[in-house]
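What follows is the residue order along each chain.
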Amino acid sequence: MPSSIPPALRGRRARLVALTVPVGLVGSLIALPFTAEASPSPDAVIAEVYGGGGNSGASLTNDFIELGNAGDGPFDLTGWSVQYLSGAPSPTSKWQATPLTGAVPAGGSYLIQEAKGTGGDTALPAPDATGTIPLSATSGTVALVHSTTPLTCLTAADCAADASIKDLVGFGTATVRETSPVTGAGNTTSVSRNATLTDTDDNAADLTATTPAPRNSTGTGGGGEPTPTPTPEPTDTTPGDLRIHDIQGATRISPQSGATVGNVPGVVTAVRATGSSRGFWFQDPQPDHDAATSEAVFVFTGSVTPQVKPGDAVLVSGKVSEYYPGGAAAGGQSVTELTAPTTVVLSSGNPLPAAEVIGSRTVPERYAPDAKGGNIEPLTLLPRTYALDWLESREGMLVQVGDSRVVGASNQYGETWITTKPRQNPTERGGTLYGAYDQQNSGRLLVASLTGASVTANVGDTLKGVTSGPLDYGSFGGYSLQATTLGTLKSGGLRPEVAKKAKSDELAVATYNVENLDPSDPQAKFDRLAEGIVKNLATPDIVSLEEIQDDNGATDDGTLSADKTLAQFTAAIRAAGGPTYSWRSVDPQDKTDGGEPGGNIRNVFLFNPKRVGFVDHPGGDATTAVKVVPAGKHGKDITLSVSPGRINPTSDAWKSSRKPLVGEFTFRGDQYFVIGNHFNSKGGDQPMYGRFQPPVLSSETQRLAQAKEVNTFVSGLLSKDRSAKVVVLGDLNDFPFSPPVEALTRGRVLTDLMSTLPRDERYSYVYDGNSQTLDHILVSPGVRRLSYDVVHVNAEFADQASDHDPQVVRIG
């Protein structure tokens, strides 16, 4: 998958939750044996910890953890959590985690409410996040973690080696701490940093015991729920010297970044009134004549509901900040915002500035300036030349689209991809084809909703009528239209495809990524996937499965076997009217093959024993490399040393990644070698819509090494039998035009069947509105008579059994 990380709240809601692809923050590994240290932080730290809530003598009813931000911009908490461990952990102790949403304001605080005790009479200020962890009042460890998965380290040394830990506070007699634990915590005392949030990685030096003083992101402290901040009475109603276009400037970074501006005039156009990323957009009804400068900006109010409404003429004062959704390290562009605002309403009911209509020729065809992989932020925007520049020059402004074809199905957050350029690389089923690195498809635009209205759309549907709202930018997909008016949906009639059933003398071989399947999934998922095997793929003779997890999925207890997972899946296939499939796989070593932590993901072969035979050669295990060896009396034939087996599994190419599964099959007297693959994901690549152009595809390096390993194995096999029938298939996580796929086919040892299809049919996955190829079937020259089909049943639909489409080749 392009992004293996599971999303939560997306788009600008990336301020609320997790990025498709979290980027870890690397901690410094300190050699002290009993000290856990993260690098001293210039921005977010744990500012205060209190575990005495509701205890005897306490006035506050709840435990809490407060974060502080010493940085100049908001600190995005996308994909982060705070976690707690007891002060004296045993080998069976577990960390407890509270996921976080939103952001810590620049120079501000962020309050996490934890468990409530039985005493106390004062509630915390309105928390920014809520958990249920019962902290000890006197001894324990709290960590700020760039993950929502519970930590596994139980010693200071192990925690020091965990790069996901950004900050850590050990108090009382905690054995996990930075240098020395801070003392003095109790029922009526917290431990807290000083006002400058000093962080020298010594808990005893950086924190002291104090009276609890919880403070949330709005600056509210003390007990009770804060009331919405009232709009100040207009005292000074003279507009300031700067207009919004002066703040936005003609590049991606505001020339006023970091400055405080006063009485900036404009008209409120839209309000985000829910979540932890509340605020409003306002726009200057008197624009300048510079096409590069936006006339609107977002005003960030945190968890406080703005007390303005569309049509209000306002003067806004605040600090100009550049917010990077998902964090600056993710490579995205920033959003210029006004933070810590003061707003004066001058009048209400004013007409909104006219929304700019985006037609088929509005946005340039060329996607982004070429900075040779460098940062485009300093470049003057050229909105008539580049799509990203056009969109940036309209950041926050009202835009409008008319009838628009859906090119990416609606997701669970009500977001839908449309195209404003209907003739731009259309697929045969209504999508937009991503056919080369320089064909990014500039007409794609994500549509979300600010009103709660939503549609459930499939590719090829049409969003009819007017859809309008401010243009925003987020960590999932880049630019989005945040609709205040949403069009109506007209169905395009798209239906799942059904493959042709193989003839009796044809061998049908399929590949299907079943998306982290394990027994904890609902039975309905097993049944949907089984229906796909039986009905849509027409019961192939061999199915190479990707993303089969062990028997208890993400539970991290050392379980390796996937027999229960496979028994449940094959039973579902039988119940759907399919054959009784057998299976072969090789259990991985624990936590060595990547994927969801604890899931021990692997490739698996299903096969119908009434149609094909599997040639078992014992000895295959997680670390033994399969080899091609002579067979027969005269050594002219070949076979495998182990079957099933894995290709060079100890090679660095497969580090923290799935190893290819190799099996020897027979069908009507012919020998077939099948190689199931799941190359490493695209996680960590810079985004297409980011500030580095062209983006650096760092994950490609490992896939290139993996492709060379498989190519070497196939080349060696064919050198011993050039007519051997080899099928290489699976989720390669890369495109037909990519260097890894080119390396896989090098020497013409394999043909990628995707490249044999008509151009508008070459896709198996839809990502950010681009129909693209991640899954492949390749065959050796010995496989001559065949028919091939990508069976579109998932990727184009809002209702999916998996995010990948399966495919099948029928060999005669």
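Keep in mind the model is a prediction, meaning the values are calculated, not measured.

*Asks:* Lay out the overall build of the chain with the relevant residues and their values.
*Replies:* Tallying secondary structure elements over the chain gives eight helices and 45 strands in all. In terms of C-alpha radius of gyration, the chain reaches 29 Å, essentially the compact-globule figure of 28 Å for 812 residues. With the C-alpha coordinates aligned to their principal axes, the bounding extent of the chain is approximately 95 × 65 × 45 Å. Burial analysis of the chain (812 residues in total) assigns 57% to the buried set. Within the chain, residue pairs in contact and separated by at least 24 positions form 71% of the contacts whose partners lie at least 6 positions apart. Total accessible area on the chain is roughly 30,000 Å²; 51% of this is exposed by carbon and sulfur atoms. Counting 64 positive and 86 negative side-chain charges, the chain places the averaged centre of each group 10 Å from the other.

*Asks:* How would you summarise the state of the cysteines if you had to cite specific residues and measurements?
*Replies:* Within the structure shown, the criterion is met by one disulfide. Bridging Cys-153 to Cys-159, the disulfide has an S-S length of 2.1 Å. Judged by the sign of its S-S torsion, about 90°, the cystine formed by Cys-153 and Cys-159 is right-handed. This pair shows no difference in class: Cys-153 is buried, exactly as Cys-159 is.

*Asks:* Which residues make up the sheet that holds strand E5 (residues 96-99), and what values go with them?
*Replies:* Pairing in this open sheet of four strands is antiparallel, and the strands run E5-E4-E9-E10 from one edge to the other. Each of the sheet's edge strands pairs with one partner strand only, and the pair in question is E5 and strand E10 (165-171). For this sheet, the mean inter-axis angle between neighbouring strands, taken without regard to orientation, is 15°. Pairing analysis gives four bridges linking strand E4 (residues 81-86) to E5, with the strands arranged antiparallel. Within E5, the position partnered with Val-82 by the bridge is Thr-98.

*Asks:* Go over helix H6 (residues 563-575) with me, naming the residues and quoting the values.
*Replies:* A rise of 1.5 Å per residue sets the reference length of H6, with its 13 residues, at 18 Å; its end C-alpha atoms lie 18 Å apart and thus fit the reference within 8%. Phi for Gly-577, located one or two positions after H6, is positive at around 100°.

*Asks:* Could you give an account of the sheet that holds strand E12 (residues 207-210), naming the residues involved and the relevant values?
*Replies:* Pairing in this open sheet of six strands is mixed, and the strands run E8-E7-E2-E1-E11-E12 from one edge to the other. Taken across any chain shown, the strands that pair with only one partner, and hence form the sheet edges, are strand E8 (129-130) and E12. When strand E1 (residues 44-50) meets strand E2 (residues 62-69), the two strands line up antiparallel, connected through six bridges. Across the sheet, Val-49 pairs through a bridge with Ile-65, a residue of E2.

*Asks:* Can you explain the pattern of salt bridges? Please cite residues and give values.
*Replies:* Summed over all chains, the structure comprises 26 salt bridges. Within this structure, Asp-167, Arg-193, Asp-199 and Asp-206 form a network of salt bridges that share partners.

*Asks:* Could you give an account of the side chain of Asp-685, naming the residues involved and the relevant values?
*Replies:* Secondary-structure assignment places Asp-685 in the loop between strand E37 (670-678) and strand E38 (692-693). Of the polar contacts made by the side chain of Asp-685, one reaches the side chain of Ser-699; its length is 2.8 Å. Leaving out residues up to four positions away in the same chain, Asp-685 has contacts with Val-696, Leu-697, Ser-698, Ser-699, Glu-700 and Arg-703.

Reading the values: the criteria
- Residues numbered from 1 in each chain as written.
- Predicted model: local features only at pLDDT ≥ 70, side-chain atom pairs only at ≥ 80, totals over all residues.
- Heavy atoms only, no water.
- Helix = DSSP H or I, 4+ residues; strand = E, 2+ residues; numbered from the N terminus.
- Rg over C-alpha atoms; globule rule 2.2 N^0.38 Å.
- Buried < 20%, exposed > 50% of the residue type's maximum accessible area, 1.4 Å probe, protein only.
- Contact = heavy atoms within 4.5 Å.
- Areas by Shrake-Rupley, 256 points an atom, 1.4 Å probe, with all protein chains shown as cover.
- Lys, Arg positive; Asp, Glu negative; His and termini not counted.
- Charge placed at Lys NZ, Arg CZ, Asp CG, Glu CD.
- Disulfide = S-S within 2.5 Å.
- Pairing = 2+ DSSP bridges.
- Axes fitted to C-alpha atoms, helices over the stretch in contact; angles between N-to-C directions.
- Expected span 1.5 Å × (residues − 1).
- Salt bridge = Lys/Arg side-chain N within 4 Å of Asp/Glu carboxyl O.
- Polar contact = N/O pair within 3.5 Å; in protein donor to acceptor, adjacent residues only side chain to side chain.

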